[in-house]
Every structure is written in structure tokens, then in C-alpha cells.
Amino acid sequence: MRVHADQEKCCGAGSCVLSAPDVFDQREEDGIVIVLDAQPPAELHEAVREAAAICPAAAISVS
Ligand code: SF4
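Thresholds, definitions, all that
Residues numbered from 1 in each chain as written. Predicted model: local features only at pLDDT ≥ 70, side-chain atom pairs only at ≥ 80, totals over all residues. UniProt positions renumbered as here; feature names shortened; annotations may be inferred. Helix = DSSP H or I, 4+ residues; strand = E, 2+ residues; numbered from the N terminus. Rg over C-alpha atoms; globule rule 2.2 N^0.38 Å. Buried ≥ 20, exposed ≤ 12 C-beta atoms within 10 Å, placed from the backbone. Contact = placed C-beta atoms within 7 Å.

Going by an unreviewed UniProt entry, the chain carries the name Ferredoxin and comes from Streptomyces piniterrae. Quoted verbatim from the Function (unreviewed entry) heading of the UniProt record, the comment on the chain is "Ferredoxins are iron-sulfur proteins that transfer electrons in a wide variety of metabolic reactions." Taken verbatim from the UniProt record of the chain, the Cofactor (unreviewed entry) comment is "[3Fe-4S] cluster".

Here it is, written out as C-alpha cells:
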């Protein structure tokens, strides 16, 4: 799995960080998403998919 987060789309809602804190974080200054682990291990895939599904800005994609 490869994780991509579009910082242009992100509105800083932070729900991805709640779903998968090992994979996503937010920039301190403005809350925009940071991908901590672009190739997360299998046990995190479900949490990443959930994060992508609930992101209000549809900023997260997985391939
Ligand atoms: S859930 Fe979406 S909008 Fe919210 S911080 Fe994460 S990527 Fe950004």
C-alpha cells in the first residue's frame, strides 16, 4: 500500500490522525496533514482506508 495525502485539499480536520496516528500527523502551524509513513505495514491498512473514507476533504488516496 502507498499512501498519499494532498496538502492542497486538506482542511486540517484531523480525523485521519485519530483513525491512524502512526500514519498521519498534522503540521503544527496550520493543522495540514503530514504523511508519517507512506508505506504502512499490513496491520495499519484498514485504519488507513478508514481515514481515507472519512476525510471530509477527500484528500487521502491509497494505491
Ligand atoms: S482528515 Fe483529511 S482534511 Fe482532515 S487533516 Fe486528514 S487529510 Fe486533512
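**Comments concerning the overall build of the chain**
In terms of regular secondary structure, the chain is built from 2 helices and 4 strands. Going from N to C terminus, the chain has its helices and strands arranged as β-α-β-β-α-β. For 63 residues, the compact-globule estimate of 2.2 N^0.38 gives 11 Å, and the C-alpha radius of gyration of the chain, at 10 Å, lies within 12% of that figure. When its C-alpha atoms are laid out on the principal axes, the chain stretches across 30 × 20 × 15 Å. Looking at the chain residue by residue over its 63 residues, the buried ones come to 24%. Excluding contacts between residues fewer than 6 apart, the proportion of contacts in the chain whose partners are at least 24 apart in sequence is 53%.

**A few points about unusual backbone geometry**
Positive phi, close to 50 degrees, is recorded for A58, a residue that is not glycine. Topologically, A58 is positioned in the loop between helix 2 (45–54) and strand 4 (60–62).

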